[in-house]
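Report on the structure
Listed here are the chains, written in short residue letters.
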Amino acid sequence: MDLSSSKRIVIVGGGQAAAQACASLRLFGFEGDITLIGEEAALPYQRPPLSKAYMKGELAEERLYFKPESWYQDQNIDTMLSMRATRIDRSAQTVDLEHGGSVSYDALIIATGSRPRALPVEGADLDGVFDLRDLADVERIRPRMIAGQKLVIVGAGYIGLEAAAVARQMGLEVTVLEMESRVLARVTSPVMSAFFEAEHSRQGVNVRTEARLSSLAGSEGKVATAVLADGTELAADMVLVGIGILPNVELAEASGIACSNGILTDRDARTNDPRVFAAGDCAARLLVHYGRKGRLESVHNAIEQGKLAAAAIMGKPRPAEDCPWFWSDQYDLKLQIAGLSQNYDETVVRGDIDARKFAVFYLQNGKLIAVDAINSPPEFLASKKLIMAGASLAPEILSDTSQSMKEIAAAAV
Amino acid sequence: MAKIIYVDHEGTERAIEATNGESVMEAAIKNSIPGIDADCGGACACATCHVYVDDAFMDKVGKPEDMEQSMLDFAENVQGNSRLSCQISVSDDLDGMKVTTPESQH
Ligand SMILES: Cc1cc2nc3c(=O)[nH]c(=O)nc-3n(C[C@H](O)[C@H](O)[C@H](O)COP(=O)(O)OP(=O)(O)OC[C@H]3O[C@@H](n4cnc5c(N)ncnc54)[C@H](O)[C@@H]3O)c2cc1C
Ligand code: FES
């Protein structure tokens, strides 16, 4: 369906994918109206610094925004902020707004992102218990980031560990609780988990694995203690919850758009309704380099799908689909991840773990499918290309540091 | 404030007034300068903000740090005057600097 002569394109959601869709639509020559409906009070901004430099107070708020307000005016983009979309009527082609009224569309992009999974224990609603998802969360957390305060972080995923690193650097006493037997269990290999666990312990974080939180207790409505299933009690002035996210699919689902752990899209970010697209954390897409569908939670994915949707609406050739990638900053460690490591059958370490400069490659039937690179950009950048080329590499070649990644990559493809 | 001139790979120039303290990448993104993607938002994680710095300003922009250098070692079409624009901070000294963007950031 050709939608390039649309009068109005509506974007629901105001995050990374929405901002990209706005920019790409204009870049691809769309001259009609664009309406962005965003529940948050802020214009679209970057989330990664929320658990990194911004949390630490090292980045001014204005530097979080993708574009200044004047840009939206210049580009004639109507931003409806602090506004929740409550219903999509696909036959009338309208989106209902929380406080009444509706906006009609010729094409619709759903970029509603995801929300933190709620902590399913008693006391989760006490004062001092926070999620870490948006700017408003950080505004609440930051005044309490005071040296000497006791912080308990529930969940040792990337966001939890990044927050732990920032809090330690600010002098807080930090405990991380993880239910699994190792940190980052859902997303990386045992070698990497062991490395990060050792780093955090060395920095003074009390990392407790196989630790199940059973409740939070407080006095006068304020959190004071985290109680574990084994009865252990930990003093807590503040609790950060980082136990994963849930895609915001309800709006789409209620309108009859096909969803299955994410809004289902084709390669052009189009849903089963040809006028409706989905992009970012809320969408499940074809992972072209892996031959399966999946939902990714990353900046790269949000940008790419925002572009794909805009290109499809404007009838432009499909933009290149890059190998998925992600990064995480903890202390002076830069982790760069290329590819998706699920279902690997072999790992290869290259470099020196003790020197904190190494990479773990993930292979499946000899084929490179992912890398976790610590302070090692060449391993990261070379792997992106190798993964896209579908290269198979022998473990002894990948681990041979007498050859540069450039040489290895040149020989492999 | 400093005037920064972005030259695309076809030679088209776009001049903007950049604010001290922001990066050459941020100034470009705010002003919708084409040719700089900056996918990671300045985290030195993506190498999609690659530019070629005017030779006359090579001393003034300083040397890349280790992380940036090793990203550059692996970026496409790198030259002696290649830099990641998110790692160059704008100051009065850079007034009049030209940076050229590569044909593609990927
Ligand atoms: C603390 C933190 C650190 C991260 N660090 C990294 C990192 O280092 N690297 C990386 O690659 N990724 C990182 N991520 C993930 C990355 O930020 C997300 O994948 C990305 O923001 C997804 O973009 P999105 O547009 O899909 O969703 P979001 O950015 O979540 O935006 C969705 C927006 O839609 C709004 N919305 C939802 N429903 C409605 C509705 N019904 N009506 C109106 N508005 C609605 C929401 O309020 C939200 O503002 C991090 C995320 C967090 C939270
Ligand atoms: S913006 Fe990603 S490295 Fe410069």
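Definitions and limits used
- Residues numbered from 1 in each chain as written.
- Chains lettered and ligands numbered in written order.
- Predicted model: local features only at pLDDT ≥ 70, side-chain atom pairs only at ≥ 80, totals over all residues.
- Heavy atoms only, no water.
- Helix = DSSP H or I, 4+ residues; strand = E, 2+ residues; numbered from the N terminus.
- Polar contact = N/O pair within 3.5 Å; in protein donor to acceptor, adjacent residues only side chain to side chain.
- Contact = heavy atoms within 4.5 Å.
- Pairing = 2+ DSSP bridges.
- Axes fitted to C-alpha atoms, helices over the stretch in contact; angles between N-to-C directions.
- Buried area = accessible area lost by both parts, 1.4 Å probe.
- Salt bridge = Lys/Arg side-chain N within 4 Å of Asp/Glu carboxyl O.
- Nonpolar A, V, L, I, M, F, W, Y, C, P; charged D, E, K, R; others polar.
- Buried < 20%, exposed > 50% of the residue type's maximum accessible area, 1.4 Å probe, protein only.
- Phe/Tyr/Trp six-rings, centres within 6.5 Å; stacked < 30°, edge-to-face > 60°.
- Lys NZ or Arg CZ within 6 Å of the ring centre and 35° of its normal.
- Patch = residues over 30% accessible without salt bridge, like charges linked within 9 Å, V, L, I, M, F, W, Y side chains within 5 Å.
- Areas by Shrake-Rupley, 256 points an atom, 1.4 Å probe, with all protein chains shown as cover.
- Lys, Arg positive; Asp, Glu negative; His and termini not counted.
- Charge placed at Lys NZ, Arg CZ, Asp CG, Glu CD.
- Near = heavy atom within 4 Å.
- Domains from an automatic or database assignment.

1. Some details on the side chain of Arg295(A)
Residues and elements named next belong to chain A. Inspection of the secondary structure assignment puts Arg-295 in the loop between strand E21 (292-294) and helix H7 (299-313). At 3.2 Å, the side chain of Arg-295 forms a polar contact with the side chain of Glu-297. Once residues lying within four places of it in the same chain are set aside, the contact partners of Arg-295 are Ile-245, Pro-247, Asn-261, Gly-262, Asp-281, Cys-282, Ala-283 and Ala-284.

2. Concerning the sheet that holds strand E6 (residues 102-104) of chain A
Residue and element names in this part refer to chain A. Here three strands make up an open sheet; going across it, the order is E4-E5-E6 and the pairing antiparallel. Strands at the two margins of the open sheet, each flanked by one partner only, are strand E4 (85-89) and E6. Pairwise comparison of adjacent strand axes, ignoring direction, gives a mean angle of 20° for this sheet. Pairing of strand E5 (residues 94-97) with E6, which is carried by three bridges, proceeds in the antiparallel orientation. Residue Thr-94 lies in a different strand from E6, and its bridge partner there is Ser-104.

3. What about the interface of chain B and chain A?
Often, the extent of an interface is quoted as the loss of accessible area upon association of its parts. Across the boundary between the two partners, chain B contributes 22 residues, which contact 25 residues of chain A. Each partner contributes to the roughly 2000 Å² buried at the junction of chain B and chain A, and carbon and sulfur atoms together form 55% of this total. When the buried surface of chain B facing chain A is broken down by residue, Lys30(B), Asp39(B) and Phe74(B) rank first, second and third, together holding 33% of it. The interface formed by chain B and chain A holds three salt bridges in total. With a shortest N-O distance of 2.7 Å, Glu26(B) and Arg63(A) are connected by a salt bridge. Our count for the contact surface shared by chain B and chain A stands at seven residue pairs in polar contact (both at pLDDT 80 or more). Counting only elements with at least two residues in the side of chain B that touches chain A, the list comes to helix H1 (24-30) and helix H3 (66-72) of chain B. When the residues that make up the side of chain B that touches chain A are grouped by side-chain class, the tally is nine nonpolar, six polar and seven charged.

4. Overview of the pairing of strand E20 (residues 283-287) of chain A
Regular strands show a simple pattern: their side chains alternate between the two faces of the sheet. Residue and element names in this part refer to chain A. In terms of burial, E20 is a largely internal element, four of the five residues being buried. Taken together, the two bridges between strand E18 (residues 263-264) and E20 define a ladder with parallel strand orientation. Within the sheet, the bridge partner assigned to Ile-263 lies in E20 and is Ala-283. Here three bridges tie E20 to E21, and the two strands are oriented antiparallel to one another. When the sheet's bridge partners are listed, Leu-286 is paired in E21 with Lys-293. Joining the antiparallel neighbours E20 and E21 is a turn of four residues, in which Gly-291 adopts a positive phi near 65°.

5. A closer look at the packing of aromatic side chains
Counting across every chain of the model gives eight aromatic pairs over all chains. On the numbers, 4.9 Å between centres and 75° between planes, the contact of Phe195(A) with Phe358(A) is edge-to-face. Pair noted here: Phe195(A) is in helix H5 (residues 190-202) and Phe358(A) is in strand E25 (residues 357-364), with a separation of 163 residues, a long-range link. An identical accessibility class is assigned to Phe195(A) and Phe358(A); each is buried. Members of the aromatic cluster, each reached through a chain of ring pairs, are Phe195(A), Phe196(A) and Phe358(A). The side chain of Lys406(A) reaches across the aromatic face of Phe74(B), ending 5.5 Å from its centre. When the ring centre of Phe57(B) is taken as reference, the NZ or CZ atom of Lys60(B) above it lies at 5.1 Å.

6. As for a negative patch on the surface
On the surface, Glu17(B), Asp92(B), Asp93(B) and Asp95(B) cluster together into a negatively charged patch. Within the element layout of this structure, Asp95(B) appears in the loop between strand E4 (82-84) and strand E5 (97-100).

7. So, the pattern of salt bridges
Pairing between side chains of opposite charge can happen when the charged atoms of each approach one another. All names here are of chain A. This structure, assessed with the given rule, holds 28 salt bridges over all chains. The salt bridge involving Asp-273 is made with Arg-90; its shortest N-O contact spans 3.0 Å. On the criterion of sequence distance, the pair formed by Asp-273 in the loop between E18 and strand E19 (276-278) and Arg-90 in the loop between E4 and E5 is long-range, its members being 183 residues apart. Overall, Asp-273 belongs to the buried group, its relative accessible area being 8%. In this structure, Arg-356 engages Asp-332 in a salt bridge whose closest nitrogen and oxygen atoms are separated by 2.8 Å. In this pair, Arg-356 is assigned in the loop between strand E24 (346-352) and E25 and Asp-332 in the loop between strand E22 (325-330) and strand E23 (333-339), connecting sequence segments 24 residues apart. You can call Arg-356 buried: its relative accessible area is 16%. For Asp-332, a relative accessible area of 51% corresponds to the exposed category.

8. Regarding the site of ligand 1
Residue and element names in this part refer to chain A. Around ligand 1 lies a shell of 33 residues, among which Glu-40, Arg-47, Lys-52, Arg-133 and Asp-281 are the nearest. Take Lys-52: an N or O atom from its side chain is 2.6 Å from an oxygen atom of ligand 1. In the complex, 96% of the free accessible area of ligand 1, which totals 1000 Å², lies under the protein chains. Of the residues that constitute the shell around ligand 1, the class distribution is 14 nonpolar, eleven polar and eight charged. Two domains each provide a minimum of three residues to the shell around ligand 1, namely domain 1 (8-115 + 245-313) and domain 2 (118-241).

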